[in-house]
Amino acid sequence: MSEDQKKDTPEQADFRAYCRDWLSKHETKTPSSRLPQSAIEIMHTDQMEYLREWQYEAYQAGLVGCDYPVEEGGAGRKDCQLIANQEMQAANKPFLPNILGLGMAAPTIHFHGKQGVKENLLPRLFSCEDVWCQGFSEPGAGSDLANVQTFAEKKGDKWVINGHKVWTSLAHFADWMILLLRTDKSEKYDGLSYFVVPIKSELGKSVEVRPLIKITGETGFNEVFFENLEVTEDYLLEDLGKGWQVAQTTLLHERGAGPMVTPSSGGATSGGSGNQEGLSVGGAYSLINLAKASPRNGRTAADDPVMRDKIMEMIIRQEGSKQGARRARVEGLCDHPMRIPLQSKLVMSEIRQDCGALAMEIEGAASTLYINDENAPVGGEWPLAYMNSYGVTIAAGTSEIQRNILGERVLGMAKSK
Amino acid sequence: MTQPKNFAFGEDEKMLRDTARKFLEDNLPTDKLHKLVASNPDLYREPESIWDRDLWQQIVELGWTTVIVPEENGGMGMSLVALTALVEESGRAALPSPFLVTANSSLVLRECSAAAGGRLLEEIAGGKTASLAITPKTGSWTHDDCDVALEGGTLNGTAWFVQEARKVDSFIVKAESSKGIALYEVPAQATGVEIVPDTIVDLTRDQAHINFNQVKVSSDQLLAEAGEGSAALSRAEPGLLTLVAADMCGAAEWQLQTTVEYARVREQFNRQIGFFQAIKHPLVNVMIMVDHAKSLTYNAACAYDTEPEHAEKFARMAKSRASDVAAYASNRSIQFHGGIGFTWECFVHLYTKRQKHNQILYGDASYQRAKLADILMGPMAA
Ligand SMILES: Cc1cc2nc3c(=O)[nH]c(=O)nc-3n(C[C@H](O)[C@H](O)[C@H](O)COP(=O)(O)OP(=O)(O)OC[C@H]3O[C@@H](n4cnc5c(N)ncnc54)[C@H](O)[C@@H]3O)c2cc1C
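Nothing here was measured: the structure is a model prediction, and the numbers come from that model.

## What to know about the site of the ligand
Part 1 of the argument: Around the ligand, the structure places 19 residues, and the nearest of them are Ser137(A), Ser143(A), Trp167(A), Thr398(A) and Glu400(A).
Part 2 of the argument: The environment around the ligand is built from residues contributed by chains A and B.
Part 3 of the argument: The separation between a nitrogen atom of the ligand and a polar main-chain atom of Gln134(A) is 2.8 Å.
Part 4 of the argument: In this structure, Ser137(A) approaches the ligand through a main-chain N or O atom, which is 2.7 Å from an oxygen atom.
Part 5 of the argument: Coverage of the ligand by the protein chains reaches 68% of its 960 Å² of free accessible surface.
Part 6 of the argument: Elements with a contribution of two residues or more to the shell around the ligand: β3 (158-169), α11 (381-394) and α12 (399-410) of chain A.
Part 7 of the argument: Residue composition of the shell around the ligand, by class: 8 nonpolar, 10 polar and 1 charged.
Part 8 of the argument: Each of domain 2 (133-242) and domain 3 (275-410) of chain A gives at least three residues to the shell around the ligand.

## Here we look at the side chain of Thr108(A)
Part 1 of the argument: Residue placement: Thr108(A) occurs in helix α4 (residues 99-112).
Part 2 of the argument: Leaving out residues up to four positions away in the same chain, Thr108(A) has contacts with Gly113(A), Tyr194(A), Leu237(A), Val246(A), Thr249(A) and Thr250(A).

## What about the confidence of the model for chain A?
Parts of the model with low pLDDT should not have their predicted coordinates read in detail.
Part 1 of the argument: Residue-level pLDDT values for chain A average 94, and 95% of them are 70 or greater.
Part 2 of the argument: The model gives residues 270-275 of chain A a pLDDT under 50, and that stretch makes 16 contacts with residues more than four places away or in other chains.

## Focus: the side chain of Glu138(A)
Residue and element names in this part refer to chain A.
Part 1 of the argument: Structurally, Glu138 is set in the loop between β1 (132-135) and β2 (151-155).
Part 2 of the argument: The class of Glu138 is buried, set by a relative accessible area of 7%.
Part 3 of the argument: Among the polar contacts made by the side chain of Glu138, one reaches the side chain of Lys165 at a distance of 2.9 Å.
Part 4 of the argument: The residues contacting Glu138, other than those within four sequence positions of it, are Val148, Gln149, Thr150, His164, Lys165, Val166 and Leu180.

## Here's the deal with the domain arrangement of chain B
Residue and element names in this part refer to chain B.
Part 1 of the argument: Segmenting chain B into domains produces domain 1 (11-129), domain 2 (131-228) and domain 3 (230-377).
Part 2 of the argument: Using only C-alpha atoms to locate each centre, domain 1 and domain 2 end up separated by 21 Å.
Part 3 of the argument: Taken together, the contact pairs 30 residues of domain 1 with 26 residues of domain 2.
Part 4 of the argument: When residues of domain 1 are sorted by the area they lose upon contact with domain 2, Pro47, Val101 and Thr129 head the list and together hold 23% of the total.
Part 5 of the argument: Among the ionic pairs, Arg119 bridges to Glu185, the shortest N-O distance being 2.7 Å.
Part 6 of the argument: At the junction of domain 1 with domain 2, the criterion picks out 10 residue pairs in polar contact (both at pLDDT 80 or more).
Part 7 of the argument: Secondary structure elements with two or more residues in the side of domain 1 that touches domain 2: α5 (99-109) and α6 (115-125).
Part 8 of the argument: Here the side of domain 1 that touches domain 2 gets 6 residues from one element, more than from any other, and that element is α5.
Part 9 of the argument: Considering only residue class, the side of domain 1 that touches domain 2 consists of 17 nonpolar, 8 polar and 5 charged.

## What to know about the packing of aromatic side chains
Residues and elements named next belong to chain A.
Part 1 of the argument: Summed over all chains, the structure comprises 19 aromatic pairs over all chains.
Part 2 of the argument: Aromatic pair Trp132 and Trp176: ring centres 5.8 Å apart, planes at 20°, arrangement stacked. Here Trp176 lies in strand β4 (residues 176-182) and Trp132 lies in strand β1, a separation of 44 residues in the sequence. The pair Trp132 / Trp176 is uniform in exposure class, with both members buried.
Part 3 of the argument: One aromatic cluster in this structure is built from Tyr59, Tyr68 and Phe126.
Part 4 of the argument: The ring of Phe151 has Lys185 sitting right over it, with the charged end atom 4.4 Å from the ring centre.

## Some details on the pattern of salt bridges
Residue and element names in this part refer to chain B.
Part 1 of the argument: Applying the stated criterion across every chain yields a total of 49 salt bridges over all chains.
Part 2 of the argument: Its salt-bridge partner being Lys294, residue Glu88 comes within 3.3 Å of it at the nearest N-O pair. Taken together, the residues span a long stretch of sequence, with Glu88 in helix α4 (residues 80-92) and Lys294 in helix α8 (residues 277-306) at a distance of 206 residues.
Part 3 of the argument: When its relative accessible area of 2% is taken as the criterion, Glu88 is described as buried.
Part 4 of the argument: With relative accessibility at 6%, the residue Lys294 sits in the buried group.
Part 5 of the argument: Taking the shortest distance from any N to any O, the salt bridge between Glu237 and Arg316 comes out at 3.5 Å. Linking Glu237 in helix α7 (residues 229-265) with Arg316 in helix α9 (residues 308-335), this pair joins segments that are 79 residues apart in sequence.
Part 6 of the argument: Its relative accessible area of 4% is what places Arg316 among the buried residues.

Rules used throughout
Residues numbered from 1 in each chain as written. Chains lettered and ligands numbered in written order. Predicted model: local features only at pLDDT ≥ 70, side-chain atom pairs only at ≥ 80, totals over all residues. Heavy atoms only, no water. Near = heavy atom within 4 Å. Polar contact = N/O pair within 3.5 Å; in protein donor to acceptor, adjacent residues only side chain to side chain. Areas by Shrake-Rupley, 256 points an atom, 1.4 Å probe, with all protein chains shown as cover. Helix = DSSP H or I, 4+ residues; strand = E, 2+ residues; numbered from the N terminus. Nonpolar A, V, L, I, M, F, W, Y, C, P; charged D, E, K, R; others polar. Domains from an automatic or database assignment. Contact = heavy atoms within 4.5 Å. pLDDT = per-residue confidence, 0-100. Buried < 20%, exposed > 50% of the residue type's maximum accessible area, 1.4 Å probe, protein only. Buried area = accessible area lost by both parts, 1.4 Å probe. Salt bridge = Lys/Arg side-chain N within 4 Å of Asp/Glu carboxyl O. Phe/Tyr/Trp six-rings, centres within 6.5 Å; stacked < 30°, edge-to-face > 60°. Lys NZ or Arg CZ within 6 Å of the ring centre and 35° of its normal.

Structure below.
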């Protein structure tokens, strides 16, 4: 029995067996081109179509959205998404592309949307017939998110939206957007409202999407401009002026600390199959094989005591975070209920970044070689992973903002605003 | 084997831990501890062994020393997880006592097959205290390194860095004979035993080196036969590492909470100093590290109880991370108290000193990582 299996309730155990069976029969097709390392770096239509098909199949099989009510397109199970995630990861399936929909839009709509909106939009979100994006950040509103200026004005029974969003991941594929905007200019927080709005159907009319290029050379995020986009009040979540409270649900889930478990199938990417046997871009443990394969000072990096020390430190940090997630579920061993959950995004993103930096140090001279160089270790995926890690320490509330939140909400030190 | 999801930390363990926490909060608040152990700041003071014997008597009555003793030896036969929770609390209180060393002794005795091992465990369950005399002058933690010789039933030589030597009734002595390493029980009062106190930094402990001058030992003191001592110590070692890590986790949580509290009351530039991110963010980093160390420590304890094949690996992770947080929490706790933090009168130095001692005990952070690398990566090419 696996470690995870031993903890299952009867419902979970049955469901796990079902997942295993389905996954063992499900054939993963070979992608026609290299896949990116995560969903927010999907650039091309062929990548998106390949991944969309996988999500569709996983949803049809009941492995995506399992814990949501049946009316909302879910499977109406209890605590089963985690099981599906574990099994999809163990089966080394590709990642799910509709990550902003699954991770942020779905829980927010579930907790705050009108019944009709939930029933219309959520099934298509889970199946990936509709791709979603998140329109929060603006040029003048990043860490200070409540400063958003995109404005909705009521005209007749319609809301008319004008403004400019930026860093909007997946907007270039998106059918829908969760949108934080302003309906009252006199109140910073209470002047915010939360809508869901169509994107794709409005392109070339009231919505324009312009791609931005990342430091890696990849695309994946965009600027989005609204010029008189009209929506009905059905698409307002909660009451007018409650946008900031609704946004907290989104942010909590974005940081992995919300009540709904985000469907996730891990991430077999092209990088996972690299050009060297047994090597892949993964967590800290994957550094061991990398070190054994990397020459250093006449031996290998695995025979260098300094590199060994650094690798062990990474592994210990990663294991600490894993055991922390386990301890967070044992009430008697936690003095403050949010103390560990609120750390998870910060810790995971910094481990990933330091892991990438260490992988490049292990590779040595060869770490100068990038994607597309035939001599690059692991296909040049580690330098790419290292650079992409900044996306994670910046997006979803920067590491500095996470430390403010922890210092203030958990440790009770004076607020910085 | 696999571990239970909750680290086997159930209602019984929680009750034991909560009672211990309350007991120490009531009976050894930090101001009382400071009065007890820090009354004499003299740089040239004689080495001291200061502790509250009445408090210890109550602790024995509460049963802490019987927790890990098997039921057949008159103990509670509970898990290392339960003991870990108690040690974490004693670390939080920086308790000066023979608790940790007696617990360590019990772990070693549980691995000893000779009859005297069971007898000594029974005596420990009845209130006797013991400490390990297993370290040579080099400070090597390798079980084969030894400065005490066994020949013709007589011990000669010196055991170094013996913890709480002046608080305990008996020592578990590692001795080398031509047939290998043996373990013997030697009472502190035995003829030929000379306890030479060390002057140490930590005010909450005492330490000594012990000279053995023609000390006679008999078969009813034999714990592990010559050739079996190292293996017994090796099997107990993950437990010893876990318990020291637990002490550091408790102490680091005290350092975190105490420094956060100061950052919430001390004002400069018309603001609480915790407003400044140069204070706030490092304290968050301390918290994250404490949480990792604590999670790793309970994982190590649970592994010791339920999956011995992984015990050493997880124990080294825990000891390494806990040593790192001990160093970092100590550093920030003094710095963030400013001038007052640099005074004898402020409590933080008591914990900084205990933590430094803990970091070294049974091997520091980088030593643990080197050992872990041997497990996970295999030995280094020559
Ligand atoms: C890869 C990627 C994908 C993204 N995807 C999306 C998306 O899909 N939708 C969306 O809405 N947004 C998205 N974002 C935007 C992201 O949420 C913002 O970049 C982020 O919130 C930071 O805002 P900013 O870029 O304006 O930086 P700023 O807020 O200007 O920050 C600049 C620097 O100042 C620091 N700083 C700011 N305030 C404080 C403070 N109070 N204390 C200490 N330091 C502070 C920050 O930590 C940072 O280091 C994405 C970003 C990236 C990198």
